[in-house]
Amino acid sequence: MLSEKEQIEFLGKKPPLCTKSTIETLMMNFQQISKNIDHLDQDLNQLAKRLDYLEESITEHYTLVQPQKLETKKKRRTANLIKRDFQCPYEKCDKIYGTDISLNLHIRLKHNGGSKIEREELAKQILDAKFQDEVEPHHSFNLPPNFIEDFQIHHQEYIHNLEKTYNKRILL
């Protein structure tokens, strides 16, 4: 505890004298502050209960709305499990793929062969031109070797309709 001299030096002046009325006023202020703290504590407890209730409500809502089962990620086959039956038809290209989609993407991107649909449409135009004794349509695709012949083999119904329409057969 500080001496009176130290208190005066610390405060810069002599501390005020505490009278009975000053002490009573301080006590009343202290009691009022204590009541305010109690009220704030009660408000805090009520807010905590409301927050708990809201969190429970939200959890229940999402449990009802969202399915309980978590969807598992589809597992991809590893490279050694893929059966590779689709070989690139271009010479000097040794690529082999597990799906025709992968092969068609390779042909389109690496050999400028166009998409499968574009190649088939071009094959139809070439065959139509041959049946009509016209010049083959100009194209910028690098068609796979024997593509027109393979198209004829795999699209017999289309060839049969051309033969009926033009009443003749052609050999490629």
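Chains are numbered independently. Their residues run from 1 in the order of the written sequence. The predicted nature of this model means local features are confined to residues of pLDDT at least 70 and side-chain atom pairs, given and counted, to a pLDDT of 80 or more, with totals for whole chains, interfaces and linings taken over all residues. Hydrogens and water molecules were not included; the side-chain quantities draw on all heavy atoms of the structure.

Looking at an unreviewed UniProt entry, one finds the chain named C2H2-type domain-containing protein and attributed to Paramecium octaurelia.

**Q** In this structure, what is going on with the UniProt feature "coiled-coil region" (unreviewed entry) in the chain? I would like to understand it.
**A** Look at the UniProt record and you will see "coiled-coil region" (unreviewed entry) annotated at residues 30-57. Numbering of helices and strands runs from the N terminus; a helix is a DSSP stretch of H or I covering at least four residues, while a strand is a stretch of E covering at least two. The span residues 30-57 shows a helical share of 100% and a strand share of 0%, and its end C-alpha atoms are spaced 40 Å apart. UniProt positions are given in the numbering used here, feature names are shortened, and annotations may be inferred rather than shown by experiment.

**Q** Looking at this model, I keep getting lost on the packing of helix α4 (residues 116-131) against helix α5 (residues 147-154). Mind explaining?
**A** Helix packing geometry: the angle between the two helix axes and the distance between the axes. Axis angles are defined between N-to-C directions and span 0 to 180 degrees, where every axis is a line fitted to C-alpha atoms and, for a helix, only to the segment in contact. Packing of α4 against α5 brings their axes to within 10 Å, and their N-to-C directions diverge by 90°. Classed by the angle they form, the pair α4 and α5 counts as roughly perpendicular. Taking contact as the criterion, the partners of R119, E120, A123, K124, I126 and L127 in α4 are, on α5, F147, I148, F151 and Q152. Gly is put with the polar residues, along with every residue not named as nonpolar or charged; the nonpolar set is Ala, Val, Leu, Ile, Met, Phe, Trp, Tyr, Cys and Pro, and the charged set is Asp, Glu, Lys and Arg. Taken together, the residues of the contact of α4 with α5 sort by class into 6 nonpolar, 1 polar and 3 charged. Relative orientations are named as follows: roughly parallel for angles under 35 degrees, roughly antiparallel for angles over 145 degrees, roughly perpendicular for angles from 65 to 115 degrees, and oblique for any other angle. Pairs of residues are marked as contacts when any of their non-hydrogen atoms sit within 4.5 Å.

**Q** Please explain the packing of aromatic side chains as it appears in this structure.
**A** Ring pairs (aromatic) are described by centroid distance and by the angle formed between their planes. Two rings from Phe, Tyr or Trp (for Trp, the six-membered ring) form a pair when their centres sit within 6.5 Å of each other. Planes less than 30 degrees apart are called stacked, planes more than 60 degrees apart edge-to-face, and all others tilted. One pass over the full model with this rule turns up 2 aromatic pairs. Taking the centre distance of 6.5 Å and the plane angle of 35° together, the rings of F147 and F151 count as tilted. Placement of the pair is F147 and F151 together in helix α5, with a separation of 4 residues, close to one helical turn. Neither F147 nor F151 differs from the other in exposure class; each is buried. Measuring from centroid to centroid gives 6.2 Å for F151 and Y158, while their planes differ by 75°, and the two rings are edge-to-face. Looking at F151, the relative accessible area reads 3%, which means it is buried. Three or more aromatic residues link up through ring pairs in this structure, and these residues are F147, F151 and Y158. Ring-over charges, as used throughout, are those where CZ of Arg or NZ of Lys falls within 6 Å of the ring centre and within 35 degrees of the ring normal. The ring of Y158 carries K124 above its face, with NZ or CZ at 5.3 Å from the centroid. Here's how the labels work: a residue is buried when its accessible area is under 20% of the maximum for its type, exposed when over 50%, partly exposed in between, all with a 1.4 Å probe on protein chains only.

**Q** Sorry if this is basic, but what is going on with the packing of α5 against helix α6 (residues 156-166) here?
**A** In the contact formed by α5 and α6, the axes pass within 5 Å of each other and the chain directions differ by 90°. In terms of orientation, α5 and α6 fall into the roughly perpendicular class. From α5, F151, Q152, I153 and H154 reach across to α6, where they touch Q156, Y158 and I159. Across the contact of α5 with α6, the residue classes tally to 4 nonpolar, 3 polar and no charged.

**Q** Looking at this structure, how should I read the pattern of salt bridges?
**A** Oppositely charged side chains are able to pair whenever their charged atoms sit close together. Each reported salt bridge corresponds to a side-chain nitrogen of Lys or Arg within 4 Å of a carboxyl oxygen of Asp or Glu. Applying the stated criterion to the full structure yields 1 salt bridge. Salt-bridge contacts for K130 lead to E136; the nearest nitrogen and oxygen are separated by 3.5 Å. Residue K130 is classed as partly exposed on the basis of its relative accessible area of 29%. Under the relative-accessibility criterion, E136 is labelled partly exposed at 40%.

**Q** In this structure, what is going on with α4? I would like to understand it.
**A** An α-helical turn contains 3.6 residues, so any two residues separated by three or four positions project in the same direction. By this rule, a helix spans an expected 1.5 Å times one less than how many residues it contains. Taking 1.5 Å of rise per residue, 16 residues should cover 22 Å, and α4 covers 23 Å from first to last C-alpha, within 8% of that figure. Inspection of α4 places R119, L122, A123, I126, L127, A129 and F131 among the buried residues, and these make up the whole buried set. Elements in contact with the buried residues of α4: α3 (100-110), α5 and α6. Where α4 ends, the next residue or the one after it, D133, has phi of about 55°, a positive value.

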